[in-house]
Amino acid sequence: MLYHILSVGDVVGEPGLSHLEKTLRPLKKLKDIAFTVVNGENAASIGLTPQQAERIYDAGADVITLGNHTFGKMQIADFLDDAPYILRPANYTGRAPGRGCGIYDLNGIRIRVVNLIGRCDLSWGSDNPFTVADKLLDGERTDFTLVDFHAQATSEKLAMGYYLDGRVSALWGTHTHVPTADERVYPKGTGYITDLGMTGAVESVLGVKPEQSVESFLGGLPGRFQNPEGPCKLQGAIFTLDSATGLCTGVERVDIR
Ligand SMILES: [Fe+2]
Ligand SMILES: [Fe+2]
């Protein structure tokens, strides 16, 4: 049987959150989506609060993944232990609260979701995401495995795609907030895209007011980053997965304005 799985790129600020609330359910209905994973690390611009996590869940996400801004709002720390639907990178070292891998039930179909963080130009102190992935995939058998690889370098994401090809159902990148045009099924059957993009203001620099970003590149003091109002986009990808093989048969990018 074929299942459509939707992954949504980093939700940025209140504009991104409200746009998600407006567009996610109609999109799921239109595209017959069975399971949805949303990256929420920027719901509070830097990090997210438990209330914002609940809003993303109520908007229609089954699982929320995070990234380098996981602990931007410290009140999320306890919540990570309490709410099984929210994941932080599994390769965080040491005593970080929360979990990076979960198994979820979809009417008898078991779906493993893994959140990993890259180390190139990003989170160099984390454990090796490649070897951590090996350990996580060694565990219980599931029908599908989905991976959100939150990473800066396109090379690291592409390499992870080849490393996990045929071993996971779908693997997508997050973090850069700019979608890539390389969605496809890898040779051994894993659905892949280097970056999903973001959910938030169209006229922005990665979700931040353009004037502030320009000011910081001019060497000035941009002030506290604000997320502009105005038209928004929801960017992500839909993976068609086959429960007979656990692999992917097609990938489609989405950009909902
Ligand atoms: Fe990030
Ligand atoms: Fe982000």
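To start, this report covers the structure provided alongside it.

Reading the values: rules and limits
- Residues numbered from 1 in each chain as written.
- Chains lettered and ligands numbered in written order.
- Predicted model: local features only at pLDDT ≥ 70, side-chain atom pairs only at ≥ 80, totals over all residues.
- Heavy atoms only, no water.
- Helix = DSSP H or I, 4+ residues; strand = E, 2+ residues; numbered from the N terminus.
- Rg over C-alpha atoms; globule rule 2.2 N^0.38 Å.
- Buried < 20%, exposed > 50% of the residue type's maximum accessible area, 1.4 Å probe, protein only.
- Lys, Arg positive; Asp, Glu negative; His and termini not counted.
- Charge placed at Lys NZ, Arg CZ, Asp CG, Glu CD.
- Donors = N, O, S within 2.8 Å, 3.2 Å for Na, K, Ca; no water.
- Tetrahedral: all angles 85-135°; square planar, octahedral: opposite > 155°, others 65-115°.
- Patch = residues over 30% accessible without salt bridge, like charges linked within 9 Å, V, L, I, M, F, W, Y side chains within 5 Å.
- Areas by Shrake-Rupley, 256 points an atom, 1.4 Å probe, with all protein chains shown as cover.
- Salt bridge = Lys/Arg side-chain N within 4 Å of Asp/Glu carboxyl O.
- Axes fitted to C-alpha atoms, helices over the stretch in contact; angles between N-to-C directions.
- Parallel < 35°, antiparallel > 145°, perpendicular 65-115°, else oblique.
- Left-handed = near helix turned anticlockwise from the far one by under 90°.
- Contact = heavy atoms within 4.5 Å.
- Nonpolar A, V, L, I, M, F, W, Y, C, P; charged D, E, K, R; others polar.

A short note on the overall build of the chain
Part 1: Secondary structure assignment for the chain yields six helices and 14 strands.
Part 2: Against the compact-globule benchmark of 18 Å for 257 residues, the chain has a radius of gyration of 17 Å, which places it among compact chains.
Part 3: Overall, the C-alpha framework of the chain stretches about 55 × 40 × 35 Å when taken along its three principal axes.
Part 4: Taking all 257 residues of the chain together, 56% fall into the buried category.
Part 5: Each charge class in the chain was averaged separately, 24 positive and 31 negative side chains, and the resulting centres sit 1 Å apart.

Topic: the coordination of the iron ion (ligand 2)
Part 1: The protein atoms that coordinate the iron ion (ligand 2) are Asp 10 (OD), Glu 41 (OE), Asn 42 (OD1) and His 177 (NE2), at distances spanning 2.1 to 2.2 Å.
Part 2: With four donor atoms in place around the iron ion (ligand 2) and angles of 86 to 172° between them, the coordination shape is irregular.
Part 3: Between consecutive donors of the iron ion (ligand 2), the numbers of intervening residues give the motif D-x30-E-N-x134-H.
Part 4: For Asn 42, a relative accessible area of 4% puts it in the buried group.

Thoughts on a nonpolar patch on the surface
Part 1: A surface patch of nonpolar side chains, amounting to about 220 Å² of accessible area, comprises Val 178, Val 205 and Leu 206.
Part 2: When its relative accessible area of 45% is taken as the criterion, Val 178 is described as partly exposed.

With respect to the pattern of salt bridges
Part 1: Counting across every chain of the model gives eight salt bridges.
Part 2: A salt bridge links Arg 55 to Glu 14; the nearest nitrogen and oxygen atoms lie 3.0 Å apart. Taken as a pair, Arg 55 in helix 2 (residues 50-58) and Glu 14 in helix 1 (residues 13-31) lie far apart in primary sequence, 41 residues in all.
Part 3: On the basis of relative accessibility, which here comes to 39%, the residue Glu 14 falls in the partly exposed class.
Part 4: As a salt-bridge pair, Asp 134 and Arg 167 come within 2.5 Å of each other at their nearest N and O atoms. Of the two residues, Asp 134 is situated in helix 4 (residues 129-137) and Arg 167 in the loop between helix 5 (154-164) and strand 9 (170-174); the sequence distance between them amounts to 33 residues.
Part 5: Linked through salt bridges whose partners overlap, the residues forming this network are Glu 14, Glu 21 and Arg 55.

Details of the packing of helix 4 against helix 5
Part 1: Packing of helix 4 against helix 5 brings their axes to within 11 Å, and their N-to-C directions diverge by 30°. Taken as axis vectors, helix 4 and helix 5 run roughly parallel relative to one another. For the element pair helix 4 and helix 5, the recorded crossing hand is right-handed. Residue-level contacts link Pro 129, Phe 130, Ala 133, Asp 134 and Leu 137 of helix 4 to Glu 156, Ala 159, Met 160, Tyr 163 and Leu 164 of helix 5.
Part 2: Classifying every residue of the contact of helix 4 with helix 5 by side-chain character gives eight nonpolar, no polar and two charged.

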